[in-house]
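Take a look at the letters that make up each chain.
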Amino acid sequence: MNGKERFVNVLSGKPVDRFPVMTWMSSFAQKKYIAHYGVSPDELWNLQNPNGSFQMPSCKYTGETKKPDSEAGWYDEFGVGWKSEPGDIGAINTAAPIKNIEDIKKYQFPDVQTEYSFDEAVSQIAKLNGSSFLAANQASGTFFNKYRFLRGFEDGLVDMMINQNEVEYLLDQLLEYQLALARKYIACGVNAVNTGDDVALQKGLVINPDVWRKLIKPRQKILNDLYKSAGLYVIHHCCGDCRSIIKDYIETGVDCLNPIQPETMPIEDLADEFGSDLTFYGGVGVQGVMQNGTPKDVDNAVKITIRTLGAHGRYIIGASHTIQDCIPVENVHAYFEAVEKYNQ
């Protein structure tokens, strides 16, 4: 059985000889590991993604973007402003293009047909020649996150409580954009899509679950249905404690939930309640054991996580989020060794 077959089988609830692996690391953490252990970038990538079995072909925006200014170091194609923080923190959202609720109906999303190129994705897929599992990336804010980027975090949350007509209008326009993107990816020949909205915190959702069910769930289902009708899998990302809407995720057609943070959701409970209906991806805690434990602790956590989340045969091994350089390099090494040891 090859790596692609393992991804397909765990997402389908079919048996595998061992679980597929996909571990994300920041560039800072990668450089730290490479320097400490003397491995090559390719050798490290093979630990993270054995045999390159998981690939994410992506499109490229070819239109114009707003110039940097005092609010942002750069702007994306949506007019959302970003700044890079020093060290291994990454980019933070600093400017929203829709300043006033009255301007929502004036906003225009990028035109997928004329402002994006899929040439690189098509070329990458052709070169792989069916050897890898291919997942399109629509995870950088599918609905909830994208709305709050466009309006700003606080204004976006307020809108969802008191300006729901305007919210639904903009979300409908966003849905049309996402559907157009999805049709392009499907035509490219991907096997799955990564969607994502960080709608949860350490203890529950950012918004009332019923508000999510009214505003986000129906549109998420329409997008998922398009992918499912083409025979593709849906891998959904949500940080934090999203237990109150996991059944809803399943109802919308989500096949796999990532990143599974054990510090926010007990993995035993998840496996018992949802393990036969959902593939879990992640689960080895970067907030807890990997950052604060010993290599022996990490070894034990990997063993328990594989046995628990893999109890129903539907599991993709991974950390509970991107491994950053705050995690001791010895613990990262212990994680990779434990994955090899217990993934039998």
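For the structure, check the block above.
Residues numbered from 1 in each chain as written. Predicted model: local features only at pLDDT ≥ 70, side-chain atom pairs only at ≥ 80, totals over all residues. Heavy atoms only, no water.

**Student:** Quick question: what am I supposed to make of a negative patch on the surface here?
**Tutor:** Taken together, E268, D269, D272 and E273 make up a surface patch of like negative charges. Looking at where D272 falls in the secondary structure, it is placed in helix 12 (residues 267–274). (Patch = residues over 30% accessible without salt bridge, like charges linked within 9 Å, V, L, I, M, F, W, Y side chains within 5 Å. Areas by Shrake-Rupley, 256 points an atom, 1.4 Å probe, with all protein chains shown as cover. Salt bridge = Lys/Arg side-chain N within 4 Å of Asp/Glu carboxyl O. Lys, Arg positive; Asp, Glu negative; His and termini not counted. Charge placed at Lys NZ, Arg CZ, Asp CG, Glu CD. Helix = DSSP H or I, 4+ residues; strand = E, 2+ residues; numbered from the N terminus.)

**Student:** Explain the sheet that holds strand 4 (residues 81–85) to me, please; I cannot follow it from the model alone.
**Tutor:** The strand order 3-4-5 describes an open sheet built from three strands, whose pairing is antiparallel. Each edge of the sheet is formed by a strand with only one pairing partner; in this case those strands are strand 3 (74–75) and strand 5 (90–95). Pairing of strand 4 with strand 5 involves five bridges; the strand directions are antiparallel. Each bridged residue has a counterpart across the sheet, and for S84 the counterpart in strand 5 is A91. (Pairing = 2+ DSSP bridges.)

**Student:** Looking at this structure, I do not really get the environment of L44. What am I missing?
**Tutor:** Locating L44 in the fold gives a position in helix 3 (residues 41–48). Taking the C-alpha atoms as reference points, L44 and A121, 77 residues apart in sequence, are found 24 Å from one another. Apart from residues lying up to four places away in sequence, L44 is in contact with M25, Q30, Y33, I34, V39 and F336. (Contact = heavy atoms within 4.5 Å.)

**Student:** Even after reading the chapter, I still don't get helix 6 (residues 144–151), so can you show me in this structure?
**Tutor:** The periodicity of an α-helix, 3.6 residues per turn, causes residues three or four places apart in sequence to face the same way. Counting buried residues along helix 6, eight of its eight residues qualify, which places the element largely inside the surrounding structure. Downstream of helix 6 by one or two residues, G152 has phi in the positive range, about 95 degrees. (Buried < 20%, exposed > 50% of the residue type's maximum accessible area, 1.4 Å probe, protein only.)

**Student:** Would you mind showing me how to read the pairing of strand 14 (residues 315–319) here?
**Tutor:** Most of strand 14 is tucked away: five of the five residues are buried. A two-sided burial pattern is seen for strand 14, the buried positions comprising Y315, I317 and A319 on one face and I316 and G318 on the other. With five bridges connecting them, strand 13 (residues 279–284) and strand 14 associate as parallel partners. Residue Y281 lies in a different strand from strand 14, and its bridge partner there is I316.

**Student:** Is there a simple way to explain the packing of helix 6 against helix 8 (residues 164–188) in this structure?
**Tutor:** Describing two packed helices takes the angle between their axes plus the distance from one axis to the other. Following both chains from N to C, one finds helix 6 and helix 8 inclined at 115 degrees, their axes separated by 11 Å at the closest point. In this structure, the crossing between helix 6 and helix 8 has a hand that is right-handed. Contact with helix 6, carried on its side by K146, Y147 and L150, involves V167, L170, L171 and L174 of helix 8 and no other residues of that element. Here the residues of the contact of helix 6 with helix 8 sort into six nonpolar, no polar and one charged. (Axes fitted to C-alpha atoms, helices over the stretch in contact; angles between N-to-C directions. Left-handed = near helix turned anticlockwise from the far one by under 90°. Nonpolar A, V, L, I, M, F, W, Y, C, P; charged D, E, K, R; others polar.)

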